[in-house]
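Okay, here's what each chain looks like letter by letter:
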Amino acid sequence: MSHTLKAVRGTRDLLPPETALWNRIEATARSVFARYNFGEIRTPIFEDTGLFARGVGEETDIVSKEMYTWEDRGRFDKVSLSRSWLTDARSKHPGWVRNTHLPQEKSDADAVYQNSDGGFTLVCFVENATAVACQSLATAIDEYRNRQNCTAYNVRGLLVHPADIGSEGIPVEIQIHRDIAVYPVPGNFFASRQSLTLRPENTAGVVRSYIENKLGETGQLQKLYYIGPQFRRERPQKGRYRQFSQIGAEVIGPPSAGSESPLRDAEVLEMLATLLDELGIAGWTLHLNSVGSAADRERYNQALRAALAPVAGQLCADCQRRAVTNPLRVLDCKVPEDQPIIDALPVIADSLDGESKNHFAAVTAALDAAGVPYTRNHRLVRGLDYYTRTTFEFTHGGLGAQNALLGGGRYDGLSEMLGGPRAPGIGFAIGEDRLILTLLAQESAVQQVLADAYIAPLGESVNAAALALARQLRREGLKIELGDGSFRLKKSFEAADKAARQIVILGEDELQSGILTVKDFATGIQTKVPRSELTAFLLNA
Ligand code: HAM
């Protein structure tokens, strides 16, 4: 019995009417971004794995355990497979492959060899030993027999193909048919094989694109936004999915364009406050911190290591590992028992140098002037390695455990880490799924927007005329639901009541007279309306 297929764990379908809310959020975001003069960037959904390993950081949870990564086989390299097979076949059967000079040009096989017994072997080098490959080899064998006037028994075929990735051992020939055998050869026969990853976030992709497209050479600040799916293999729960959507933006450019200025940080944060306000998200909190420069963090790491050494043994297993490999990550720990120890650790603010302190002070001064409220959160170091100086998160109490609506910060060294020019930047990503959860909790339910009218054809003979009427009304800007002439009138009324504000009855009489019957569901009033007045009547009801 076949089982029903379901959406993969951690993924889900978004359906109407909720999708209307997604569209509204995206439209509002696009309009706010436009007012701040941002343009849209669309980068690929998958990238070279190295981008995230280098950009986001090998030690982060995202890269070390949450990425969807696979080996892309690349282009099939027939020549290297044939060489490998020939070496192998010659060493195993010295007398068997005797003659490689037989005419091949008319054969569908890649090569023809004469065996020591006087027979012939037609060899095909294929990517996969499929039924289709077998069939074409069988045809080639038949043609060869006819052409060479051979007897049936002394022509055979061999399908040589790469063994499955990871399989080992000595290749053996497997007879799959009276005349045909397959021969899997272990090895890499795919040129430019590449490790690919579904993007777990979009900042690394945007910076890769900035470098690749030489956007820095414009000398301008690049103000780029994106909306799209990201993928992380996290344990699914409310507000945490394996495919989720982010609305994000990045401001990046050469230092001469002012990309390092604290004003950029404050402007991005002020834009976020405006966007959340316009979306109607009430009660957000902006948590703000500075993780300083690379040198500041090195100093802080040393201070943390020293402070962690005597207490690490009392922390969770993850923290014990992080205390050695990347002590900053200890601050991300959510294990309740660890919190008192972590709260007593030194704070990063004490390790910042003068420049980092001044930068942060200028960000907060600009936020104060603009009236954007924030709280300083010393533990906000963020779970990605590229951050420098300003880091931030907006949280919302209604979200429960996964309370970060969005996160972001400055990444002044990321471009260089990816082999690009110096290009300081700052950006953020909003978890769109979490934004929706917050709005749904606030708005109680998403309202379905009813159609202006439901056209009910009376009998299948008027179906075509009903489609023509629906087409005219829709072109005039009305939202129309079209019924079906096979429905009884009662069923049409029930369907119309759920989908539309009014029902328009279209029977043979109405077609003849050009006068339609319209019933308004809110008032219960039924009216005879001439076709020429129908649009205005339906709109004004
Ligand atoms: P992030 O903090 O990893 O930062 O993700 C940003 C937001 O995406 C989170 O605050 C959360 O709302 C949402 N999010 C993350 N994981 C999930 C998930 N599994 N399910 C649902 N929502 C999730 C970044 O991604 C950075 N690229 C942000 C950034 C941009 N920094 C600088 N520029």
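These remarks concern the structure in this document. (Residues numbered from 1 in each chain as written. Predicted model: local features only at pLDDT ≥ 70, side-chain atom pairs only at ≥ 80, totals over all residues. Heavy atoms only, no water.)

1. Some thoughts on the site of the ligand
Residues in contact with the ligand amount to 27 residues; listed here are only the nearest, E201, T203, E234, Y241 and Y387. Taking E234, its side chain carries an N or O atom lying 2.7 Å from a nitrogen atom of the ligand. In this structure, a nitrogen atom belonging to the ligand sits 2.9 Å away from a side-chain N or O atom of E250. Within the complex, the protein chains bury 96% of what would otherwise be the 660 Å² of accessible surface of the ligand. Elements represented by at least two residues in the shell around the ligand include exactly β13 (243-252), β17 (404-410) and β18 (425-431). By residue number, the principal contributor to the shell around the ligand is β17, which donates six residues. Looking at the shell around the ligand, its residues break down into 12 nonpolar, eight polar and seven charged. (Near = heavy atom within 4 Å. Polar contact = N/O pair within 3.5 Å; in protein donor to acceptor, adjacent residues only side chain to side chain. Areas by Shrake-Rupley, 256 points an atom, 1.4 Å probe, with all protein chains shown as cover. Helix = DSSP H or I, 4+ residues; strand = E, 2+ residues; numbered from the N terminus. Nonpolar A, V, L, I, M, F, W, Y, C, P; charged D, E, K, R; others polar.)

2. Observations concerning the packing of aromatic side chains
Enumeration according to the criterion identifies 12 aromatic pairs in this entry. On the basis of an interplanar angle of 65° and a centroid distance of 5.6 Å, the ring pair of F120 and Y144 is categorised as edge-to-face. Residue F120 is located in strand β6 (residues 120-125), and its partner Y144 is located in helix α5 (residues 131-148); the two are separated by 24 residues in the primary sequence. For the residue pair F120 and Y144, the accessibility class agrees, reading buried in each case. Taken together, a centroid distance of 6.4 Å and an interplanar angle of 85° make the contact between F493 and F521 edge-to-face. Residue F493 is found in helix α15 (residues 489-499), and its partner F521 is found in the loop between β22 (515-520) and β23 (526-530); the two are separated by 28 residues along the sequence. Among the aromatic residues, those joined into a cluster by ring pairs are F33, F38, Y225 and F428. The ring of Y241 carries R12 above its face, with NZ or CZ at 3.9 Å from the centroid. Looking at K491, its charged tip hangs above the ring of F487, at a distance of 4.2 Å from the centre. (Phe/Tyr/Trp six-rings, centres within 6.5 Å; stacked < 30°, edge-to-face > 60°. Buried < 20%, exposed > 50% of the residue type's maximum accessible area, 1.4 Å probe, protein only. Lys NZ or Arg CZ within 6 Å of the ring centre and 35° of its normal.)

3. Side note on helix α9 (residues 317-325)
What sets the pattern is the α-helix's 3.6 residues per turn: residues three or four places apart point alike. For α9, the complete set of buried residues consists of C319, R322 and A323. Projection of α9 onto a plane perpendicular to its axis shows the buried side chains occupying an angular sector of 110°, all on one side. Of the residues in α9, the exposed ones pointing more than 90 degrees away from the buried face are A317 and V324. Looking at the buried residues of α9, the elements they touch are α3 (61-65) and α8 (294-308). (Arc of directions from axis to C-beta. Contact = heavy atoms within 4.5 Å.)

All quantities given are derived from atomic positions and should not be read as evidence of function.
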